[in-house]
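Observations on the three-dimensional arrangement
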Amino acid sequence: MKRFVDEVTVEVEAGHGGKGCVSFRREKFIPRGGPDGGDGGKGGDVYLEGDGQGQSLLDLFYQRLYRVKRGGNGSGSNRHGAASPDLVVRVPLGTEVWDLDRETGERLVKLGEILEHGRRLLVARGGRGGKGNAHFVSSTHRSPRFAQPGEEGESRSLRVVLKVMADAGLVGLPNAGKSTLITALSAARPKIASYPFTTLHPHLGMMPVDGYRQISLADIPGLIADAHRGSGLGTRFLKHVERNRVLVHLVSLRDRTEVDGLLTDYRTVMTELASYRADLPDRVRLVLLSQCDTVTPATAAELTAAMRHRLAAETGGEPREVMAVSAATGAGIEALRRRLIALVDAAAPAPPVFDS
Ligand SMILES: Nc1nc2c(ncn2[C@@H]2O[C@H](COP(=O)(O)OP(=O)(O)OP(=O)(O)O)[C@@H](O)[C@H]2O)c(=O)[nH]1
Ligand SMILES: [Mg+2]
């Protein structure tokens, strides 16, 4: 994928309204026609619009200024100026928008967030057109020689922040096999390699469900101990976990013969999720023991059962679901696909994100 941008500041300037016109009817043989100056046209608005295909804010990184033309001026014979067209800037789902103080760069107020394809958020309103002198006739004022100028369009400095939004997010330590798995489930092609932190930013993939529907998956960069304090890729990417409805936690079986090692890996990531946001561990609906082809089938089965048992004892309540899969051989992948669909269907939408 091209460069990934998840935070950018842009300037938006809606169109000013066109000027109202001062004009008097001039017709042959009618010496003193009445006022007939038309109104100015409205200036165009600036909107951000959700684009379900969008993956990053790269376009906004390259174009930082969005300015709309002013509305057309009114003219004689009561002709109104044309409204100038609105400007629509497409952004990926999960984008939030803040109004910035131009002086200090501080965030003043959150203007909103865009979570649905096609949903528009007004970020700068165009000015109304000025009224032409035809509006100002009254019994005492038969021939007004004034008209309104157009109203100014709003102008703002915006901080635009993307928190990747997906039905299911894949989390785990570096090298757990998240990118390999999303490649097996979707057409996404993040880089895969045997060194940690291969994935440097989230990748979205679409897993087909049937002809009409797909489930979005997010491959999130590896998390390590103290990620919430900034270790590894740290908080930069933890924010991309927040908007996933379901989390799938990958724990690699590679070189494992006992359940304790798996539990250590598992807890490391769960602790980071909880430190970032207390309700994130609950969103982990599925623990995947990945790379199961690297151990014997008997070991894989044994460790899966042991992990299930230990996690059930740990939570004391609802047992966590545990499955073994191999993205390399395809073992367990079909079953995983079916479980993912069911889990996403059963999950509530992700709760509101932190304003960070
Ligand atoms: N044998 C086997 N190897 C796998 C499997 N899945 C991943 N691997 C290997 O494990 C290594 C890490 O895989 P990645 O998919 O890059 O791991 P990741 O979790 O995305 O890692 P980061 O991006 O660093 O967080 C690569 O060398 C993969 O080829 C599997 O199912 N079986
Ligand atoms: Mg990866």
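Everything numeric here is computed off the predicted structure, so don't read it as measured data.

Once that is clear, we can look at the nonpolar core. Grouped together as the largest cluster of nonpolar side chains are 57 residues, with contacts concentrated most on Leu60, Leu273, Val287 and Met307. Tallying contributions element by element places helix α4 (residues 259-276) first for this core, with eight residues. Both domains that furnish three or more residues to this core are identified here as domain 1 (7-162) and domain 2 (168-346). If you look at the next biggest cluster of nonpolar residues, it comprises 24 residues, including Leu181, Leu217, Val325 and Leu340.

With respect to the secondary-structure elements, Asn244 resides in the loop between α3 (234-238) and β12 (246-252). Within the structure, Asn244 has its side chain in polar contact with the backbone nitrogen of Ala166 (distance 3.3 Å). At 3.2 Å, the side chain of Asn244 and the backbone oxygen of Val241 are in polar contact. Filtering out sequence-adjacent residues up to four positions away, Asn244 remains in contact with Val164, Met165, Ala166, Asp167, Ala168, Gly169, Ala218, Ile220, Arg283 and Ala350.

For the rest of this paragraph, the subject is the coordination of the magnesium ion (ligand 2). With distances of 1.9 to 2.1 Å, the protein atoms coordinating the magnesium ion (ligand 2) are Ser179 (OG) and Thr199 (OG1). With Ser179 in helix α2 (residues 178-185) and Thr199 in the loop between α2 and β10 (203-208), this residue pair connects regions lying 20 residues apart in the sequence. Across the pair, Thr199 and Ser179 agree in class, each one buried.

The environment of ligand 1 is made up of 23 residues, and the closest members are Lys178, Thr180, Phe197, Thr199 and Asp293. The contact in question runs from an oxygen atom of ligand 1 to an N or O atom on the backbone of Ala176, over 3.2 Å. In this structure, Gly222 approaches ligand 1 through a main-chain N or O atom, which is 3.3 Å from an oxygen atom.

Quick look at the pairing of strand β1 (residues 7-13) now. Remember that side chains alternate between the two faces of the sheet whenever the strand is regular. Only one face of β1 is covered, namely the one carrying Val8, Val10 and Val12; the face carrying Glu7, Thr9, Glu11 and Glu13 has none of its residues buried. Looking at chain direction, β1 and strand β8 (residues 155-162) are connected through seven bridges and run antiparallel. Its bridge partner being in β8, Val10 is matched across the sheet by Leu158. As defined by bridge partners, β1 adjoins strand β3 (residues 65-67) across three bridges and the pair is classed as parallel. In the sheet register, Glu11 faces β3, and the bridge partner there is Leu65.

As paired elements, β10 and strand β11 (residues 214-219) share six bridges and run antiparallel to each other. By the bridge assignment, Leu204 is partnered in β11 with Ala218. Counted along the chain from β10 to the antiparallel partner β11, the turn is five residues long.

Here the focus is the packing of aromatic side chains. Applying the stated criterion across every chain, the model contains two aromatic pairs. Relative to Tyr62, the ring of Phe61 has its centre 5.6 Å away and its plane inclined at 75°; by these criteria the two rings are edge-to-face. Here Phe136 and Phe146 contribute two aromatic rings whose centre-to-centre distance is 5.2 Å and whose plane-to-plane angle is 45°, an arrangement assigned as tilted. With Phe136 in the loop between β7 (120-124) and β8 and Phe146 in the loop between β7 and β8, the pair connects residues that are 10 residues apart, well separated along the chain. For Phe146, a relative accessible area of 37% puts it in the partly exposed group. The ring of Phe61 carries Arg64 above its face, with NZ or CZ at 4.7 Å from the centroid. When the ring centre of Tyr47 is taken as reference, the NZ or CZ atom of Arg120 above it lies at 5.5 Å.

The assigned domain composition of the protein is domain 1 (7-162) and domain 2 (168-346). Taking the mean C-alpha position of each, domain 1 and domain 2 sit 47 Å from one another. Counting residues at the interface gives 10 residues for domain 1 and six residues for domain 2. Taken together, the connections running from domain 1 to domain 2 amount to three salt bridges.

For Tyr195, the position within the fold is in the loop between α2 and β10. Taking relative accessible area as the criterion, Tyr195 reaches 38% and is therefore assigned partly exposed. Within the structure, the side chain of Tyr195 is placed 2.9 Å from the side chain of Lys191, a separation counted as a polar contact.

The subject of this paragraph is the sheet that holds β1. Taken in spatial order, the five strands line up as β3-β1-β8-β5-β6 in an open sheet, and their pairing is mixed. Bordering the open sheet on either side are β3 and β6 (107-114), each of which pairs with just one other strand. If you compare each strand with its neighbour and ignore which way they point, the axes differ by 25° on average.

Right, let's talk about the sheet that holds strand β2 (residues 46-51) for a bit. Ordered by their spatial adjacency, three strands build an open sheet running β4-β2-β7, and the pairing between neighbours is mixed. The sheet is open, and its two edges are formed by β4 (87-92) and β7, each paired on a single side. The mean inter-strand angle of the sheet, taken between neighbouring strand axes irrespective of direction, is 30°. Examined bridge by bridge, β2 and β7 share four bridges and lie antiparallel to one another. Note on β7: the bridge partner recorded for Tyr47 is Leu122.

Calculation rules
Residues numbered from 1 in each chain as written. Chains lettered and ligands numbered in written order. Predicted model: local features only at pLDDT ≥ 70, side-chain atom pairs only at ≥ 80, totals over all residues. Heavy atoms only, no water. Core = buried A, V, L, I, M, F, W, Y, C linked by side-chain atoms within 4.5 Å. Buried < 20%, exposed > 50% of the residue type's maximum accessible area, 1.4 Å probe, protein only. Helix = DSSP H or I, 4+ residues; strand = E, 2+ residues; numbered from the N terminus. Domains from an automatic or database assignment. Polar contact = N/O pair within 3.5 Å; in protein donor to acceptor, adjacent residues only side chain to side chain. Contact = heavy atoms within 4.5 Å. Donors = N, O, S within 2.8 Å, 3.2 Å for Na, K, Ca; no water. Near = heavy atom within 4 Å. Pairing = 2+ DSSP bridges. Phe/Tyr/Trp six-rings, centres within 6.5 Å; stacked < 30°, edge-to-face > 60°. Lys NZ or Arg CZ within 6 Å of the ring centre and 35° of its normal. Salt bridge = Lys/Arg side-chain N within 4 Å of Asp/Glu carboxyl O. Axes fitted to C-alpha atoms, helices over the stretch in contact; angles between N-to-C directions.

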